Amino acid sequence: MGNPYLCAMQLSVVILNYNVRYFLEQCLCSVQKAIAPLDAEIIVVDNASSDASCAMVRERFPEVKLIANTENYGFPKGNNQGVAAAKGEYICILNPDTVVAEDTFTKIFSHLAAHPELKANLGILGCKLIDGTGHFLPESKRGIPTPWVAFTKIFGLYKVFPKSARFTRYYAEHLTENQSGVVDILVGAFMVIPREVYLELGGFDENCFMYSDDIDLSYMSLKSGRTNYYFAATTVVHYKGESTVRDGLYMKRFREAMQFFYQKHFRRSLIFDGMMYGGSFLFSLFKSTQQKKRTLPFQAIVVFTQHQLQLQSVFPVTYLNTLHDFPSQKYKAVRIVFDTRSFSFEEIIAFMQQYKGSGGSFRNYMPHYEGLIGSDHANDVGGVEFL
């Protein structure tokens, strides 16, 4: 057997998919553009989707390495399968309901090249994540969820005492969303990790079906003496709610995942177990009630396009050919549509951040299936509107 650490290429992007065909297609389009300057590959692991995801990958992206499972093996095992097939020096673990900018990976590798000490001791690198409305996702950077830190999160104490370091560790608030720096925990929606490190750590723990796996891997990286790093200079959209429907099974698995992490890494006692069982139950109950199908109301549509894209609507539709022409003060409830043939994902992501909170909602037009894709809340299940 050859040396598993000998890698011929720079990056392998591993995407674990389950029944999000249209979000996966958008994700793959963005990743293809982002890896164009690199020696890189894309690996899609499909966990027995029933929505023709695999057929779409084979037809639209024949160069992508596809692993089609016949059953749902969960997040850890699925990603481990992808990494086992990877050839890159670095691995990017990426959710299918994400959009990366064209310069995401080049910025990351340029930063590592400029900081050799970080590169030499890198465990996991994460980046700034935003939801489908352009708002920052605070779980992009987190602290170790010790019993106390978990308590401050579950009961919202970090909001009551936002200036106190004692209460703001859960979301690593020693850094702002736009500050790069060392953190404890990074989110599994986007992780860049040296393949050698991933293999040495044993990858994601397959005893956990999902939900605490990224916390566990981040913590294992810390325990090995490596540096986990939040990189704020690039932004990735994570629609967040789309990959997982938060039903009764979700609540059960989330609670079990939290208990798995605590029992694996912290000393057990009756008091501790009681607090953690109760706390993880409340936390999972809170999370399960967050996800809804939400649609922001709108009374007008603005379409950014440089092609012959025509939308039929009962609301007035305005067509603009540059993003700089947007008269934000004119609209308070507007649906904004980006033609992805006309603008880069980097430009779209920057626009979303600039105009977040302005009362608008965002959709990307994907020409291959002639649909508008997006979501209106961090916990929205998202969706596609076919034209």
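Structure shown above.
Predicted model, so just to flag it, every value in this text is computed and none were measured. (Residues numbered from 1 in each chain as written. Predicted model: local features only at pLDDT ≥ 70, side-chain atom pairs only at ≥ 80, totals over all residues. Heavy atoms only, no water.)

Draft legend 1. The arrangement of unusual backbone geometry in detail. At Asn-19, a position not held by glycine, the phi torsion is positive, near 60°. Checked against the element boundaries, Asn-19 lands in the loop between strand E1 (9–17) and helix H1 (21–34). According to the relative accessible area criterion, Asn-19 is partly exposed, its value standing at 27%. A positive phi is found at Ala-48, a non-glycine position, where the angle reads about 60°. (Helix = DSSP H or I, 4+ residues; strand = E, 2+ residues; numbered from the N terminus. Buried < 20%, exposed > 50% of the residue type's maximum accessible area, 1.4 Å probe, protein only.)

Draft legend 2. Broad picture of the state of the cysteines. In total, this model carries 0 disulfides according to the counting rule given. Not engaged in a disulfide, the cysteine Cys-127 finds its nearest cysteine sulfur in Cys-92; these two sulfurs lie 8.1 Å apart. (Disulfide = S-S within 2.5 Å.)

Draft legend 3. Structural context of the packing of H1 against helix H2 (residues 53–60). Where H1 contacts H2, the axes come no closer than 9 Å and their chain directions differ by 30°. Taken together, the axes of H1 and H2 are roughly parallel relative to one another. Helix-helix and strand crossings are classified by hand; for H1 and H2 the assignment is right-handed. On the side of H1, the interface is formed by Arg-21, Leu-24, Glu-25, Leu-28 and Cys-29, while H2 contributes Ser-53, Met-56, Val-57 and Arg-60. (Axes fitted to C-alpha atoms, helices over the stretch in contact; angles between N-to-C directions. Parallel < 35°, antiparallel > 145°, perpendicular 65-115°, else oblique. Left-handed = near helix turned anticlockwise from the far one by under 90°. Contact = heavy atoms within 4.5 Å.)

Draft legend 4. The arrangement of the pairing of strand E12 (residues 334–339) in detail. With 6 of 6 residues buried, E12 is to be regarded as a mostly interior element. Here E12 shows no split at all, with Val-334, Ile-336 and Phe-338 on one side and Arg-335, Val-337 and Asp-339 on the other all buried. Relative to E12, strand E10 (residues 300–304) runs parallel, the two being bridged by 5 bridges. Bridge pairing links Val-303 to Val-337 in E12. Looking at chain direction, E12 and strand E13 (residues 361–366) are connected through 5 bridges and run parallel. Within E13, the residue paired with Arg-335 across the bridge is Ser-361. Between E12 and its parallel partner E13, the chain crosses via helix H12 (residues 345–354), and the hand of that crossover is right-handed. (Pairing = 2+ DSSP bridges. Right-handed = clockwise from strand over helix to strand, strands pointing away.)

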